[in-house]
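# An overview of the molecular structure
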Amino acid sequence: MPQMTMVQAIQDALRVALREDRRVVVLGEDVGKNGGVFRVTEGLQAEFGSERVADTPLAENGIVGGAIGMALYGLRPIAEIQFVDFIYPAFDQIVSEMAKMRWRSAGQYACPVIVRAPYGGGIKGGLYHSQSPEAYFCHTAGLKVAIPSTPGDAKGMLLAALAEEDPVIFLEPKRLYRTTEEDVPEGRHTVPLGRARIARAGEHCTVLAYGAMVPVALEGAAKAEEKGTSTEVVDLRTLLPLDQETVLASVRKTGRVVILHEAPRTCGYGAELAALIAEQALTSLLAPVLRVTGYDTPFPYTLEHTYLPDAPRVLRAIEHVMKFG
């Protein structure tokens, strides 16, 4: 089993998909000859040709709109947005057309489009290359929203997304693209959407995280373990649909919850998690639910690592909830 970074694992998934299914088409800015700004699609156009790995104009609404048309005519398009920060020109196509196609056609048409986009901070990308807008898409019925945190999950979840009949927003934590390697199965390897994983088992406190914050959660949990607190880390993997069963089972076991994400705090995805816990696991709680998040400001450049949650902030939150009960 080969060792892969997340970039290599996603590229491998795309290669598997293109080889196995002639309906799969990859399109986006610079995805062909240049191999993408992060080189995720490097070499794919040379192998599969420019009709199946297609460079597009710098027009996100056209990329997604074109992908929708392809899907309605039977193709399986994978549209890349170079940075998720640039997805907003395509927002109307995503939420008004792509997400609603099955509903508006009374099930006559599916819209199996995958929109891939690197998201989040951690690479000194500054204001327009570091945002985390996942909550916008989680508010849209008809979409699925997936965010892997490991190379194996990145490959497995992307290939699973290709089997979906509904559109999937596939957000890739770019700060993890090349920072970790792990064994990744060769060939077809799938990780079902809608299933969280227990990244670290624990008894005293639950940390809920996804994407680039999962390694931060694990580091914070390790520091808490040194001080005698056994912390469970749940990697959500898929935000929509959420694996509520796994989340609530962990909360009911530990009674204490810290929610971690790098998006701004107000109306961030953590608020939905806190509401779910309050509605369905309130009597299991031994302490208030705490959120460790980004701040309600535009993403800074020079203060990037002040803005981003880190292990010391996670540790302080764990210590805070442990003071109750």
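Above this note sits the structure.
All figures in this text were calculated on a predicted structure; none of them were measured in a lab.

Scanning the chain for helices and strands turns up 12 helices and 14 strands. Here the chain has a C-alpha radius of gyration of 20 Å; the compact-globule value for 325 residues is 20 Å, and the two agree. The C-alpha extent of the chain, read off along each of the three principal axes, is 60 × 40 × 40 Å. Each of the 325 residues in the chain was classed as buried or not, and the buried ones make up 56%. When contacts within the chain are restricted to residue pairs at least 6 apart in sequence, long-range pairs at least 24 apart make up 83% of them. A total of about 13500 Å² of accessible surface is found on the chain, and carbon and sulfur atoms cover 52% of it. Distance between charge centroids for the chain: 2 Å, based on 33 positive and 39 negative side chains.

Next up on the list: helix α7 (residues 151-162). Since the α-helix packs 3.6 residues into each turn, any two residues three or four apart lie on the same face. Here α7 contains 12 residues, and its C-alpha end-to-end distance of 17 Å stays within 8% of the 16 Å for a straight helix at 1.5 Å per residue. Most of α7 is tucked away: 12 of the 12 residues are buried. The set of residues buried in α7 consists of Pro151, Gly152, Asp153, Ala154, Lys155, Gly156, Met157, Leu158, Leu159, Ala160, Ala161 and Leu162.

Turning our eyes to something else, we now look at the packing of helix α1 (residues 6-20) against α7. Direction vectors running N to C along α1 and α7 enclose 25 degrees, while the axes themselves pass 8 Å from each other. It follows from the interaxial angle that α1 and α7 lie roughly parallel. Here the hand of the crossing between α1 and α7 comes out right-handed. Contacts from Met6, Ala9, Ile10, Asp12, Ala13, Leu14, Val16 and Ala17 of α1 reach α7 at Pro151, Ala154, Lys155, Leu158, Leu159 and Leu162.

Turning to the packing of aromatic side chains, a few remarks are in order. Taken as a whole and judged by the stated rule, the model has 9 aromatic pairs. Ring centres of Tyr88 and Tyr136 lie 6.2 Å apart, and the angle between their planes is 80 degrees; this geometry places the pair in the edge-to-face category. Of the two residues, Tyr88 sits in the loop between β4 (76-80) and α4 (91-98) while Tyr136 sits in helix α6 (residues 134-138), which places them 48 residues apart along the sequence. Relative accessible area serves as the criterion here: at 48%, Tyr136 is assigned to the partly exposed category. Ring plane angle 50 degrees and centroid distance 5.6 Å describe the contact between Phe91 and Phe137, whose orientation is recorded as tilted. In this pair, Phe91 sits in helix α4 while Phe137 sits in helix α6, placing the two residues 46 residues apart along the sequence. The partly exposed category is assigned to Phe91, whose relative accessible area is 26%. With relative accessibility at 0%, the residue Phe137 sits in the buried group. Following the ring pairs from residue to residue traces out a cluster consisting of Phe38, Phe83, Phe86 and Tyr177.

Parameters and conventions
- Residues numbered from 1 in each chain as written.
- Predicted model: local features only at pLDDT ≥ 70, side-chain atom pairs only at ≥ 80, totals over all residues.
- Heavy atoms only, no water.
- Helix = DSSP H or I, 4+ residues; strand = E, 2+ residues; numbered from the N terminus.
- Rg over C-alpha atoms; globule rule 2.2 N^0.38 Å.
- Buried < 20%, exposed > 50% of the residue type's maximum accessible area, 1.4 Å probe, protein only.
- Contact = heavy atoms within 4.5 Å.
- Areas by Shrake-Rupley, 256 points an atom, 1.4 Å probe, with all protein chains shown as cover.
- Lys, Arg positive; Asp, Glu negative; His and termini not counted.
- Charge placed at Lys NZ, Arg CZ, Asp CG, Glu CD.
- Expected span 1.5 Å × (residues − 1).
- Axes fitted to C-alpha atoms, helices over the stretch in contact; angles between N-to-C directions.
- Parallel < 35°, antiparallel > 145°, perpendicular 65-115°, else oblique.
- Left-handed = near helix turned anticlockwise from the far one by under 90°.
- Phe/Tyr/Trp six-rings, centres within 6.5 Å; stacked < 30°, edge-to-face > 60°.

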